[in-house]
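Residues per chain are reported as follows:
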Amino acid sequence: MSYSKIEKISHLIGELERAFKEFSDEDFDDIKLFEEMDSLFVSILDPSNVSTHPNIAEFLLTNKHRSQFLAHIRYVITHNYSFKGSKNGHEAFVSPNHIQWYDDGVMFLEGKEPFLGFIGLYRNKEARYAIAARDAKDGEELSKPFAYQYHHHR
């Protein structure tokens, strides 16, 4: 059976969707998946090609539908996975964070905008929030023990 390109991609996305539904949460803790996802997005729109255009707008125009597709992915993620809540009469968004340093807790972002704000750590039924513990120089690696200091917030 011959598939058009769109039918083939739709079929592969369906297979991926079914596989992800079968995954346990722990199955997603594999650096290979993160690397493959990076490669997938670059295959849709390679940001290294911006420099081959006279300006960013021209790059986006040349790749209008690829850019739109990626923007739609971001839209779906932002609107479905940044959860609006209230605490002490204040509304905020709570979003997952791409950094997860603690096996016994979850790191998240909390702020007025989706996927922005304070870094939070929830563990032992308690939320704590991060503040910068020190300045970093350009290009300096931040490691777990030095990057953030957690303070209890009530």
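Our subject is the structure listed above.
Note that this is a predicted model, so its numbers are computed, not measured.

Trainee: Explanation requested: the pairing of strand S2 (residues 90-96) in the structure shown.
Mentor: As a general feature of sheets, a regular strand has side chains that alternate between the two faces. Pairing analysis gives five bridges linking strand S1 (residues 83-87) to S2, with the strands arranged antiparallel. Within S2, the residue paired with Ser86 across the bridge is Glu91. Between S1 and S2, which pair antiparallel and follow one another directly, the connecting turn spans two residues, one of which, Asn88, has a positive phi of 55°. Inspection of the sheet shows S2 paired to strand S3 (residues 106-111) by four bridges, in the antiparallel sense.

Trainee: How do you make sense of the packing of aromatic side chains when you look at a structure like this?
Mentor: By convention here, two paired aromatic rings are described through the distance between centres and the angle between planes. Counted according to the given criterion, the structure contains four aromatic pairs. Where Phe20 meets Phe23, the ring centres are 5.8 Å apart and the plane angle is 65°; that geometry is what we call edge-to-face. Using a relative accessible area of 28% as the deciding quantity, one classes Phe20 as partly exposed. In this structure Phe23 comes out as partly exposed when scored by relative accessible area, which is 30%.

Trainee: I would appreciate a short explanation of unusual backbone geometry in the present structure.
Mentor: Glycine aside, a negative phi is what most residues show, and trans is what most peptide bonds show. A positive phi angle, close to 55°, is found at Asn88, a residue other than glycine. With respect to the helices, strands and loops of the structure, Asn88 is situated in the loop between S1 and S2. For Asn124, which is not a glycine, the phi torsion comes out positive at approximately 55°. Position of Asn124 among the secondary structure elements: in the loop between strand S4 (118-123) and strand S5 (126-132).

Each value, and the rule that gives it
Residues numbered from 1 in each chain as written. Predicted model: local features only at pLDDT ≥ 70, side-chain atom pairs only at ≥ 80, totals over all residues. Heavy atoms only, no water. Pairing = 2+ DSSP bridges. Helix = DSSP H or I, 4+ residues; strand = E, 2+ residues; numbered from the N terminus. Phe/Tyr/Trp six-rings, centres within 6.5 Å; stacked < 30°, edge-to-face > 60°. Buried < 20%, exposed > 50% of the residue type's maximum accessible area, 1.4 Å probe, protein only.

From the geometry alone we can't say anything about function, so treat these as descriptive.
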